[in-house]
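Residue strings, one per chain:
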2 protein chains.
Amino acid sequence: MNTQYSLGIDIGGTNTVAGIVSRNGEIISKTSLPTRGHASFEVFLDALKTATDKMLAQHSNLEISGIGIGAPNGNFYNGTIEYAPNLEWEGVIRVAELVEQKFGIKTVLTNDANAAAIGEMIYGNARDMRDFIVITLGTGVGSGIVCGGELIYGHDGFAGEIGHTIAIPGGRTCGCGRKGCLETYASAGGVVKTALEIMDALPGKSVMENRRTQLKAADVYQAAIAGDEAAILTFEQTALILGASLANSVAHTSPEAIFLFGGVANAGDLLLTPLKESLEENLLNIYKGKVQILRSGLPDADAAILGAASLVQKYLK
Amino acid sequence: MNTQYSLGIDIGGTNTVAGIVSRNGEIISKTSLPTRGHASFEVFLDALKTATDKMLAQHSNLEISGIGIGAPNGNFYNGTIEYAPNLEWEGVIRVAELVEQKFGIKTVLTNDANAAAIGEMIYGNARDMRDFIVITLGTGVGSGIVCGGELIYGHDGFAGEIGHTIAIPGGRTCGCGRKGCLETYASAGGVVKTALEIMDALPGKSVMENRRTQLKAADVYQAAIAGDEAAILTFEQTALILGASLANSVAHTSPEAIFLFGGVANAGDLLLTPLKESLEENLLNIYKGKVQILRSGLPDADAAILGAASLVQKYLK
């Protein structure tokens with residue numbers, strides 16, 4: 001018998017993935033199912049149980065000591081998913097309680113960006129750090145803020161929405177209904193919007209012109225690698241705005257490092273090099289030269305499972 | 001013998017005050033001396049010891065269990081004052097260590113705004129709160145951020161500089177060398193600048209016209225109470241900018257309340273009423289209706305001593 005294994009479950013807008021994770025972050029096995037198309041959360045939960053039971057049956061020698069769940073709008077304090085705009089279930093769902101009952105295993109839940117931050121702390125590049133921020137640059141911009149070794153949840157469990165700090169007052173309209181949120185500039189969709197704006201200013205010059213109507217952030221990255229001026233400017237512009245916003249975050253919690261994760265972060269040095277400059281330029285003097293900008297140490301494909309599984313090590317041991 | 005007393009010392013730019021404080025926040029006795037005009041920190045320390053010894057001699061029945069010090073640019077981790085622009089001592093001063101040696105009493109130090117936040121938690125209006133922010137609106141704009149009952153110090157001990165988050169990109173030049181810091185709008189000097197700008201836009205109409213060249217924030221407050229339009233607009237404008245900035249702070253740490261302290265906060269409802277509206281207007285939906293804006297519960301005259309003394313209860317018990 002071995003009690004060093006966790007079950008990590010990431011409930012995403014499209015797919016839910018689950019994996020058995022060892023104490024040192026090795027994924028023993030994983031499975032997935034669609035998050036959408038179930039009549040209710042309970043029906044989804046039946047499907048999740050079936051899928052994970054099948055996986056667990058192949059590893060019946062391993063004892064699972066806890067379940068960790070990452071989910072959009074997940075509330076750590078209540079174990080709930082609350083009014084998640086990208087999920088089909090409405091209102092407040094008591095996810096941790098229902099999963100714990102169904103599986104008979106202690107369960108802890110938090111939002112996906114917070115799980116990414118704890119994953120970084122337990123399995124990733126923040127293992128020796130007590131003060132850092134993880135920013136996820138994907139469909140949205142999420143964040144998890146760690147201070148003194150603890151994730152900041154705030155009074156209501158919803159702290160850490162750096163993607164919804166205002167980067168440009170009166171700027172782009174955000175899905176949240178306000179204007180100028182960092183998310184509208186630093187998400188995948190934000191990068192595409194910036195690329196289109198730059199192409200308007202530099203007409204006819206970009207290799208991206210021929211896919212204007214279906215441009216994706218990954219296309220901008222490919223174009224930038226190929227030396228396309230508009231694409232390179234896009235990441236520079238994104239870095240300018242992100243660096244200025246992150247300087248404000250540093251003034252709040254003074255982290256040792258800020259980790260970038262998600263699709264936009266895959267642009268690597270095209271984003272990181274100008275971002276380091278922009279952050280440094282925007283920092284208050286006392287912080288200059290003290291804050292590292294780093295890539296996440298979690299492998300893209302398994303980060304969601306590892307983040308979810310890390311909750312077990314952080315909170316259930 | 002009674003071991004329930006602390007010595008609180010606040011080192012300010014002009015004066016240093018020290019007081020004997022009981023466990024429940026009663027100030028038994030206090031004394032003060034000029035911070036400036038001493039040849040070195042060691043000479044200042046001699047003068048401080050002389051002044052406090054005289055006070056302590058009158059209360060020789062009380063045992064002082066610890067010394068807490070609040071100071072500009074105070075670093076909690078190191079017990080140092082580091083490169084404080086408003087003090088005469090240059091570089092890094094090992095204040096806590098030198099005071100502890102001199103007095104033979106355990107000593108802890110942090111910056112003045114952090115001390116205000118801990119004072120609020122120990123003696124003030126945040127006694128039942130675990131997640132809150134204290135903003136000091138005075139000569140500068142300082143802040144102390146408390147999450148899960150602990151003050152956020154960050155990697156280097158200098159977290160919580162909300163006064164140096166950018167409120168208006170490209171805005172007013174700040175003493176820190178950057179542009180648009182919240183401090184340039186919400187400090188006493190910032191309020192005066194705003195009043196002058198509004199008087200320029202509404203020429204001849206304000207009772208403040210006759211003291212244009214020596215206008216102080218307190219004059220703006222007096223004019224506003226008397227119904228002066230430019231003065232009332234000044235606080236409304238200050239509230240708009242401060243509310244938008246604080247909405248970004250809420251997105252970081254999701255506090256239960258934000259406490260205002262300092263000269264500008266003394267404007268009371270002239271500032272608080274429009275500030276509550278502005279914050280609510282600017283908050284991301286999930287935070288709306290959840291964050292209180294409150295006045296500090298510490299009496300103005302004694303807040304600095306109480307903040308400093310509270311460090312003993314928080315860290316040395």
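Just so it is clear, the structure is predicted and the values come from calculations on it, not from any experiment.

1. Examining the domain arrangement of chain A
All names here are of chain A.
- Here chain A is partitioned into domain 1 (2-122 + 301-315) and domain 2 (132-296).
- Taken together, the 13 residues of domain 1 in the interface contact 14 residues of domain 2.
- In terms of residues, the side of domain 1 that touches domain 2 owes the most to one element, helix H3 (residues 112-122), which gives eight residues.
- The residue inventory of the side of domain 1 that touches domain 2, partitioned by class, reads eight nonpolar, three polar and two charged.

2. Some words on the interface of chain B and chain A
- Each partner contributes to the interface: chain B provides 32 residues, whereas chain A provides 32 residues.
- Residue assignment for the side of chain B that touches chain A shows that the elements contributing at least two residues are strand E10 (141-147) and helix H7 (229-253) of chain B.
- Among the elements that take part in the side of chain B that touches chain A, H7(B) stands out by supplying six residues, more than any other.
- Split by residue class, the side of chain B that touches chain A holds 13 nonpolar, 13 polar and six charged.

3. A word on the confidence of the model for chain A
- With 99% of its residues at a pLDDT of at least 70, chain A reaches an overall mean of 95.
- Across the predicted assembly, pTM comes out at 0.96 and ipTM at 0.95.

4. Topic: unusual backbone geometry
- Positive phi is not limited to glycine here, since A:Asn73 has a value of about 55 degrees.
- With respect to the helices and strands, the residue A:Asn73 is situated in the loop between strand E4 (62-71) and strand E5 (74-75).

5. Side note on the relation of the copies chain B and chain A
- Structural alignment of chain B on chain A gives an RMSD of 0.0 Å, achieved by rotating through 180 degrees and translating 0.0 Å along the axis. What we have between these two chains is a two-fold relation. The position closest to the rotation axis in chain B is occupied by the C-alpha of B:His252, lying 3.9 Å away.
- Looking at the interface residues of chain B, 100% of them are also at the interface in chain A, so both copies use one shared face.

About the cut-offs
- Residues numbered from 1 in each chain as written.
- Chains lettered and ligands numbered in written order.
- Predicted model: local features only at pLDDT ≥ 70, side-chain atom pairs only at ≥ 80, totals over all residues.
- Domains from an automatic or database assignment.
- Contact = placed C-beta atoms within 7 Å.
- Helix = DSSP H or I, 4+ residues; strand = E, 2+ residues; numbered from the N terminus.
- Nonpolar A, V, L, I, M, F, W, Y, C, P; charged D, E, K, R; others polar.
- pLDDT = per-residue confidence, 0-100.
- Least-squares fit on C-alpha atoms with pLDDT ≥ 70 in both.

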